[in-house]
Every structure is written in C-alpha cells, then in structure tokens.
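# Understanding the architecture of this molecule
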Amino acid sequence: MREIANSMAKGAALMTNTEVTSRVLGSAWPQHFNKTVAETMYANIKAVGLPTWDAADVTLAKALQKELGQTQVGLTTDIGPLQGPVSPDDNFGGGSDDIGDVSWNVPTVTLRYPSNIPGLPGHNWANAVASATPIAHKGATAGAKVIAMTTLDLLTRPQLVDQAWEYFRTVQTKEQKYEPLIASTDRPVVSLNAKTMEQYRPEMRKYYYDPTRYRTYLEQLGITYPTVRPIGDPARPGK
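Just so you know, these numbers come straight off a predicted model, no measurement behind them. (Residues numbered from 1 in each chain as written. Predicted model: local features only at pLDDT ≥ 70, side-chain atom pairs only at ≥ 80, totals over all residues. Heavy atoms only, no water.)

### Describing the overall build of the chain
For clarity, the threshold we go by: Numbering of helices and strands starts at the N terminus; helices are DSSP runs of H or I of at least 4 residues and strands are runs of E of at least 2. Working definition: with a 1.4 Å probe on protein chains only, accessible area under 20% of the residue-type maximum means buried, over 50% means exposed, and in between means partly exposed. We call two residues contacting when some pair of their heavy atoms lies within 4.5 Å. Note on areas: Shrake-Rupley with a 1.4 Å probe; residue coverage comes only from the protein chains shown. When charges are tallied, Lys and Arg are placed among the positive residues and Asp and Glu among the negative ones, while His and the ends of the chain are skipped. For this purpose, a charge sits on NZ of Lys, CZ of Arg, CG of Asp or CD of Glu.
Along the backbone of the chain there are nine helices and zero strands. Put simply, the chain runs from its N terminus to its C terminus through helices and strands in the order α-α-α-α-α-α-α-α-α. C-alpha extents for the chain along the principal axes are approximately 70 × 55 × 40 Å. Counting all 239 residues of the chain, 23% fall into the buried class. Taking the intrachain contacts of the chain between residues at least 6 apart in sequence as the baseline, contacts between residues at least 24 apart amount to 74%. When the accessible surface of the chain is totalled, it reaches about 16,900 Å², and 56% of it is carbon and sulfur. If the 24 positive side-chain charges of the chain are averaged to one point and the 23 negative ones to another, these points end up 6 Å apart.

Here's what the structure looks like:
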C-alpha cells in the first residue's frame, strides 16, 4: 500500500510539474510473542503470586472506580489463564510502541502485572493516580521478581533458549518474514511534539518528585492515602 501511495503521489507530481518526497513518521508491526518464553514466565507469575493489597489499597481503588461510574471491584486478586495464540486476522491489539517489531527479530514476551486499578478508561488522568501509590509499587515489585526469575531460567536452562528459537524459526517466521516499514533514511520527527512540550513542560516541572525532601510523592502532594478527594473539595460541598 505504501508503494501504491508513492506511485499516486509521483503521478500527481508529474501532472502538475512539481516534485514530491515521502517518509514514514512511525510504524508498528503486529505483535507475535514467543510460546516457550511465555509459558516459562507464566510459571513464575504463579510462583510469585499477586501483591498483597491492604485495606487502603482497596479503598482507593473502589473510590476511584466510583468516581468514574465503574463497578467497584477493587483490585485484582486472581491470576488469569495464559492466553493462547491470536489469529492473524485479530492481531491488532497491544501497547502503542515498537515491541511488535522487536518480536519479529528475537523471541519476545511482555509482562502485564496488576500495577493499576481495574476498570479505568486508559490514556486518562485516572490511570495515572495509582502510579503515586503503593498499588503501583507493589505490582511493579512483583513483576520485577517474575522478570528476574524468568531471566535466571533462560540463563540456567539452555534448552529453553533453544526451544524459544525453534518456535521463532519454525512457527512464527516460517511463512511470514519481517520487513521494516521504516527505512534507514527515515529520521525520527522529534519536532512533532516540540510546541506542546514547550507549552506544558514548565507546568509539569512543578509536579516533579523531589526525593531529597519527601519520602513519597503523595507526601509531596500533601495527600493522605487513600484520599480521592480532599475534605472541603468545592466539587463536593460538605464532603
């Protein structure tokens, strides 16, 4: 499709006696994660288990869910099943990054651990709340343990590495080969967000965490955990 678009642009340029150039600003291949590494990591997830949430963690989670009109389920308490492969026709989800491209070059997996509050809309202020709380710290710590254990498995059990590459070569890339859409001549367009960052960075600096003065970010913000709205909030008179 890129070649078709380039041909159309060149045709239009010829008709108008002008010149045209093109470049790719960004791209991402569909993700294809490795079965062997995923199974190894899942075993470690079950070994580490979920974080131990205390009453304050659950209180904050339910309060934020209530603020957003979501079901007040609290925090994740059960480890879900390891999902099977996604069909190529449905393989369009995942994070907004280039991990898909990485996965087509080396055996790859990603780890999602409960470091946030369920039921939030994503890419929203509400999803940033947990980052300043013990919820995120507990989840990230548990996830770090899983990554460390999986790394040790791959270092001490060479057969796992062989099996991971076997899947990569004989299943994942048997019929489909990786061809990057971004060419070596395409440069990152760092100017796209320059104006936005120039406008907002001074305001963001006011909220940078200063670990030399505060034990936690919540302390710096003057928030007592697990408060969602401070007492006397004008949005909720009398609360």
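### Some words on a nonpolar patch on the surface
Selection rule: Note that patches include only residues with greater than 30% relative accessible area and no salt bridge, and the join distances are 9 Å for like charges and 5 Å for nonpolar side chains (Val, Leu, Ile, Met, Phe, Trp, Tyr). When a carboxyl oxygen of Asp or Glu is within 4 Å of a side-chain nitrogen of Lys or Arg, the pair counts as a salt bridge.
Side chains of Y200, M204 and Y208 sit close together on the surface and give an oily, nonpolar patch of about 300 Å² of accessible area. Inspection of the secondary structure assignment puts Y208 in the loop between α8 (194-205) and α9 (217-221).

### Quick word on the packing of aromatic side chains
Under the convention used in this document: Planes of paired rings set the category: under 30 degrees apart is stacked, over 60 is edge-to-face and the rest tilted, where pairs are Phe, Tyr or Trp rings (Trp by its six-membered ring) whose centres lie within 6.5 Å.
Tallied over the full model, the rule gives four aromatic pairs. Their ring planes at 65° and their centres at 5.2 Å tell us that W29 and W104 sit as a pair that is edge-to-face. With W29 in the loop between α1 (2-15) and α2 (35-48) and W104 in the loop between α4 (99-103) and α5 (125-129), the pair connects residues that are 75 residues apart, well separated along the chain. Accessibility expressed as a relative area gives 16% for W29, which makes it buried. You can call W104 buried: its relative accessible area is 7%. When the ring of W165 is compared with that of F168, the centres are 5.2 Å apart and the planes differ by 80°; the resulting orientation is edge-to-face. Here W165 pairs with F168, and both are found in helix α7 (residues 158-172), just three residues apart, close to one helical turn. Here a set of aromatic residues connected by ring pairs shows up, and it is made of W29, W104 and Y178.

### Describing the side chain of T133
Applied cut-off: What qualifies as a polar contact is a pair of N or O atoms within 3.5 Å, subject to a donor-acceptor requirement within protein and to the restriction that residues adjacent in sequence count only when both atoms come from side chains.
Structurally, T133 can be placed in the loop between α5 and α6 (134-156). Looking at T133, its side chain comes within polar contact range of the main-chain oxygen of A130, at 2.8 Å. If sequence neighbours within four positions are ignored, T133 has contacts with L60, L218 and Y225.

### Some words on the pattern of salt bridges
Applying the stated criterion across every chain, the model contains six salt bridges. Linking E39 and K35 is a salt bridge whose minimum nitrogen-to-oxygen distance equals 2.7 Å. Of this pair, E39 and K35 both sit in helix α2, four residues apart, which is roughly one turn of the helix. Here E219 makes a salt bridge to R215, at a shortest N to O gap of 3.3 Å. We classify E219 as partly exposed; its relative accessible area is 33%.

### Some thoughts on the environment of P51
Within the secondary structure layout, P51 lies in the loop between α2 and α3 (55-67). Between the C-alpha atom of P51 and that of T76, which follows or precedes it by 25 residues, the distance is 9.0 Å. Not counting residues within four places of it along the chain, the set of residues in contact with P51 comprises Y113, P114, K138, G139 and A142.

### Observations concerning the nonpolar core
Buried together is how nonpolar side chains tend to be arranged in soluble globular proteins. Filter applied, for reference: We call a set of buried Ala, Val, Leu, Ile, Met, Phe, Trp, Tyr and Cys residues a nonpolar core when their side-chain atoms join them within 4.5 Å.
The biggest cluster of nonpolar side chains holds ten residues, and these are W53, L60, A61, L64, L75, I117, L120, A126, A130 and I135. Here this core takes three residues from α3, the largest share from any one element. Other than its neighbours up to four places away in sequence, I135 contacts W53, D57, L60, L75, P114, S115, N116, I117, A130 and Y225. M41, I45, Y113 and A142 belong to the second-largest nonpolar core, a separate cluster that totals six residues.

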